[in-house]
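Structural description and commentary
Here is how the chains run, residue by residue.
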Amino acid sequence: MKNHTHSFLLICLLTISVINLSCKDEVEPLIPIPTPANTDTIGLRDVSPFPFGAAVNISSLKNNTKYSETVSREFNSITAENSMKMKAISQGRGNYFWDDADYLVGYAIANKIRVHGHALIWYKSTPAWIESFSGTKDEWKAVMREYILAVVGRYKGKIESWDVLNEAILDDGTLRDCIWLQKIGTEYMDICFQYAHEADPDAILFYNDYGHEYSSVKRKAINNLIAGLKSRNVPVHGIGLQMHTNINNSNANIQTAIQTAATTGLKVHISEFDIRTNTSTNQILTYSSTIAAAQKEKYQVAVKAFFDLPASQRYGFSFWGVYDAQSWIPGEYGAPDWPLPFDKDFKRKVAYDGILAGLK
Ligand code: XIL
């Protein structure tokens, strides 16, 4: 598998180098012809026409060399898996914990990686002090505005894009109940974007959600929500599809999800991609070559469907985690699983070949 991947990368680079050498004015090729020994320095970020990304964990970035090397080799976009959520940052009114988010941004700048901010308003990440806050509607708006201005303002010019609103719609297409809806009303969905735009007018602002690949009702509701935001001139620039999917989901579903998102005219981010393989939560399942092949196919189909979008709408393709040993899926479903493109030893899985195949 590894040899196969290396051959593909080698052919790509040799082709680029031959093109470069054939231009008589070029003294040197833009990219040196790699020797087999240095092909390990080449990753998805070098062979893809759009950014590839991953959700990262700060202590692994700091303490696990293999982890940080894999991230910097493969990805040119990163998202904080948890450390930019409201619960992680907001310790009280006007009291913020920045260390982890700062570390991530510093690592990204040092490694020429773009940062995608995640997530400003998410029903699952409201700190206790906000849950127990009591105030008028205007006071609630002020709490939201203060937080968004502090976070987006701190990283202005350093974080390129934000998931401003995360998971505001339920699978049946109705609005999800949350504290912001209760205290501010439906207007909460407009003002979070307005505040983010106020803090950084250049930031690319996303509505992010899951389920596009299994619920046409939810897909339509999300597109309606976005159409509503646009009709009210709310600054929304992108649609994030989490796509926590699984090997039983049909190729057609995956393709339709991605194509339908693009009909909004917004930039599309596959923002949290992973593929569950243990859909029956079998406690003693092992990762077989059959499972690996099925997973590879889904990776290929999704990457290809994304690659087929207009270049201007391809914001990026991000995985929710770097390697299987640290995926959130086993914890979430209480069963072993292998959802990511790298195995527990950071080796490229067969799924990685699927990603490369999707780029052809
Ligand atoms: C998850 C993280 O992966 C977990 O570590 C954490 O315990 C809970 O949140 N949708 C999202 C992400 O938008 O923020 C979630 O991340 C996964 C589902």
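Everything discussed here concerns the structure shown above.
This one's a predicted model, so the numbers in the text were calculated from it and none came from an experiment.

The next thing to look at is the nonpolar core. Counting residues in hydrophobic clusters, the biggest one holds 100 residues, and the most contacted among them are Trp 162, Trp 180 and Tyr 188. Once you skip the residues sitting within four places of it in the chain, Trp 180 turns out to touch Met 86, Ile 121, Thr 126, Ile 130, Trp 140, Val 143, Met 144, Gly 185 and Tyr 188.

We now examine the environment of Gln 242. Within the secondary structure layout, Gln 242 lies in the loop between strand E8 (238-241) and strand E9 (244-246). For Gln 242 and Ser 318, which are 76 residues apart along the polypeptide, the C-alpha to C-alpha distance reads 8.8 Å. Among residues more than four places away in sequence, those in contact with Gln 242 are Asn 166, Glu 167, Asn 208, Asp 209, Tyr 210, Ser 271, Glu 272 and Phe 273.

What follows covers the environment of Trp 162. Considering the arrangement of structural elements, one finds Trp 162 in strand E6 (residues 161-166). With 46 residues separating them along the chain, Trp 162 and Asn 208 place their C-alpha atoms 9.4 Å apart. If near-sequence neighbours (up to four positions away) are discounted, Trp 162 is found in contact with Met 84, His 116, Gly 117, His 118, Leu 120, Val 151, Val 152, Tyr 155, Ala 203, Ile 204, Leu 205 and Phe 206.

The next point concerns the site of the ligand. Inspection of the region around the ligand gives Glu 81, Asn 82, Lys 85, His 118, Trp 122, Asn 166, Glu 167, Gln 242, His 244, Glu 272, Trp 320 and Trp 328 as its neighbouring residues. Measuring from an oxygen atom of the ligand, one finds a side-chain N or O atom of Glu 81 at 2.4 Å. Contact distances for the ligand include 2.9 Å between an oxygen atom and a side-chain N or O atom of Asn 166. Taken by itself the ligand offers 410 Å² of open surface, and the protein chains cover 75% of this. Of the residues assigned to the shell around the ligand, the class counts are three nonpolar, five polar and four charged.

This part takes up the environment of Ala 203. Turning to its location among the elements, Ala 203 is positioned in the loop between helix H10 (188-199) and strand E7 (204-209). Residue Ala 203 is classed as buried on the basis of its relative accessible area of 2%. Residues Ala 203 and His 237, spaced 34 residues apart in sequence, show a C-alpha to C-alpha distance of 9.0 Å. Contact partners of Ala 203, with chain neighbours within four places excluded, come to Glu 160, Trp 162 and His 237.

Cut-off values and rules
Residues numbered from 1 in each chain as written. Predicted model: local features only at pLDDT ≥ 70, side-chain atom pairs only at ≥ 80, totals over all residues. Heavy atoms only, no water. Core = buried A, V, L, I, M, F, W, Y, C linked by side-chain atoms within 4.5 Å. Buried < 20%, exposed > 50% of the residue type's maximum accessible area, 1.4 Å probe, protein only. Contact = heavy atoms within 4.5 Å. Helix = DSSP H or I, 4+ residues; strand = E, 2+ residues; numbered from the N terminus. Near = heavy atom within 4 Å. Polar contact = N/O pair within 3.5 Å; in protein donor to acceptor, adjacent residues only side chain to side chain. Areas by Shrake-Rupley, 256 points an atom, 1.4 Å probe, with all protein chains shown as cover. Nonpolar A, V, L, I, M, F, W, Y, C, P; charged D, E, K, R; others polar.

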